[in-house]
Amino acid sequence: MSKSGVDQELIRQLAALLTETDLSEIEIETESLRLRVARQMVSAVAHVATPAPVSVGASAAAAPAADSSAPHPGTVPSPMVGTAYLAPEPGASVFVQPGSNVTEGQTILIIEAMKTMNHIPAPRSGKLTRVLVDDGQPVEFGEPLFVIE
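Model, not experiment: these values are computed from the prediction.

Engineer: Tell me about the overall build of the chain, and please be specific about residues and values.
Structural biologist: Counting its regular elements, the chain contains three helices and ten strands. Buried residues in the chain amount to 23% of all 149 residues. Within the chain, contacts between residues separated by at least 24 positions form 49% of all contacts whose residues are at least 6 apart in sequence. Carbon and sulfur atoms form 56% of the exposed surface of the chain, whose accessible area is close to 10200 Å².

What follows is the structure, given as structure tokens:
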């Protein structure tokens, strides 16, 4: 151990494990130590999820205004890392779709994390205007899932 009482080799091993497994964070806890190692994830989702406009017209002119670097104030971020499911089971109707009115606390999707199905509630009431994830898509903590206006 170093002078600070923290095993720097353990931290290096955990950091290497983050890279090796493509995880965003690892946390361990013993009787005498609690250690969390996290890395900043560069969000390329905004660049990948928004295709370039193909046609020229009114919709193409409006696209750059909708795609700004600032997140939409109604964006619902993922509360955890896992796999997003838009329906309660395969083949069932989705919980919500664009244009749906949602109420605060209503289940809007399920995120499976460590074999546990977590029902994710709407954080506020409003009209769901955009679904930003696909069914069965892996999601990171803080990744935008929906836009509720």
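Engineer: Which residues make up the pairing of strand S4 (residues 82-85), and what values do they have?
Structural biologist: Examined bridge by bridge, S4 and strand S9 (residues 137-139) share three bridges and lie antiparallel to one another. Pairing of Ala84 across the sheet is with Gln137, part of S9. In this sheet, strand S6 (residues 107-113) lies alongside S4 in antiparallel orientation, the contact comprising three bridges. Bridge assignment links Thr83 to a residue of S6, and that residue is Glu112.

Engineer: For the nonpolar core, give the residues involved together with the corresponding values.
Structural biologist: Within the largest apolar cluster, 16 residues are counted, with the highest numbers of intra-cluster contacts made by Ile108, Leu109, Leu145 and Phe146. Of all the elements in the fold, those that place two or more residues in this core are S6 and strand S10 (144-148). The contacts of Ile108, once residues within four sequence positions are left out, are Val76, Phe95, Val96, Val102, Ile120, Pro121, Ala122 and Phe146. If you look at the next biggest cluster of nonpolar residues, it comprises five residues, including Leu14, Ile26, Leu35 and Val37.

Engineer: Got a sec to walk through the side chain of Glu112? Specific residues and values, please.
Structural biologist: Residue position: Glu112 is located in strand S6. We note that Glu112 is buried and unpaired, the nearest opposite charge coming from Lys115 at a distance of 4.5 Å. A polar contact of 3.1 Å, which involves the side chain of Glu112, links it to the side chain of Tyr85. Excluding residues that lie within four positions of it along the chain, Glu112 makes contacts with Val81, Gly82, Thr83, Tyr85 and Met117.

Engineer: Quick rundown of the sheet that holds S6? Include the residues and the values.
Structural biologist: Taken in spatial order, the four strands make up an open sheet running S7-S6-S4-S9, and their pairing is antiparallel. Two strands bound the open sheet, and with one partner strand each, they are strand S7 (116-121) and S9. The mean angle between the axes of side-by-side strands here comes to 35°, regardless of whether they run parallel or antiparallel.

Engineer: Tell me about the sheet that holds strand S5 (residues 101-102), and name the residues and values.
Structural biologist: Read across the open sheet, the four strands follow the order S3-S10-S8-S5; overall the sheet is antiparallel. Whereas interior strands pair on both sides, the edge strands pair on one side only; in this sheet they are strand S3 (75-77) and S5. In this structure, strand S8 (residues 126-131) lies alongside S10, joined through three bridges in antiparallel fashion. When the bridges of S10 are listed, Val131 appears paired with Phe146.

Engineer: Describe unusual backbone geometry, with residues and values.
Structural biologist: In this structure, Met114 is a non-glycine residue whose phi angle is positive, near 55°. Positive phi outside glycine occurs at Lys115, with the angle close to 65°. Judged by relative accessible area, which is 76%, Lys115 ranks as exposed.

Engineer: Describe the environment of Gly99, and please don't skip the residues or the numbers.
Structural biologist: As for its position among the elements, Gly99 is in the loop between S4 and S5. For the pair Gly99 and Thr129, spaced 30 residues apart in sequence, the C-alpha separation works out to 5.6 Å. For Gly99, the contacting residues outside a window of four places in its chain are Lys127 and Leu128.

Parameters at a glance
Residues numbered from 1 in each chain as written. Predicted model: local features only at pLDDT ≥ 70, side-chain atom pairs only at ≥ 80, totals over all residues. Heavy atoms only, no water. Helix = DSSP H or I, 4+ residues; strand = E, 2+ residues; numbered from the N terminus. Buried < 20%, exposed > 50% of the residue type's maximum accessible area, 1.4 Å probe, protein only. Contact = heavy atoms within 4.5 Å. Areas by Shrake-Rupley, 256 points an atom, 1.4 Å probe, with all protein chains shown as cover. Pairing = 2+ DSSP bridges. Core = buried A, V, L, I, M, F, W, Y, C linked by side-chain atoms within 4.5 Å. Lys, Arg positive; Asp, Glu negative; His and termini not counted. Salt bridge = Lys/Arg side-chain N within 4 Å of Asp/Glu carboxyl O. Polar contact = N/O pair within 3.5 Å; in protein donor to acceptor, adjacent residues only side chain to side chain. Axes fitted to C-alpha atoms, helices over the stretch in contact; angles between N-to-C directions.

Fair warning: the whole summary comes from geometry, so function is off the table for now.
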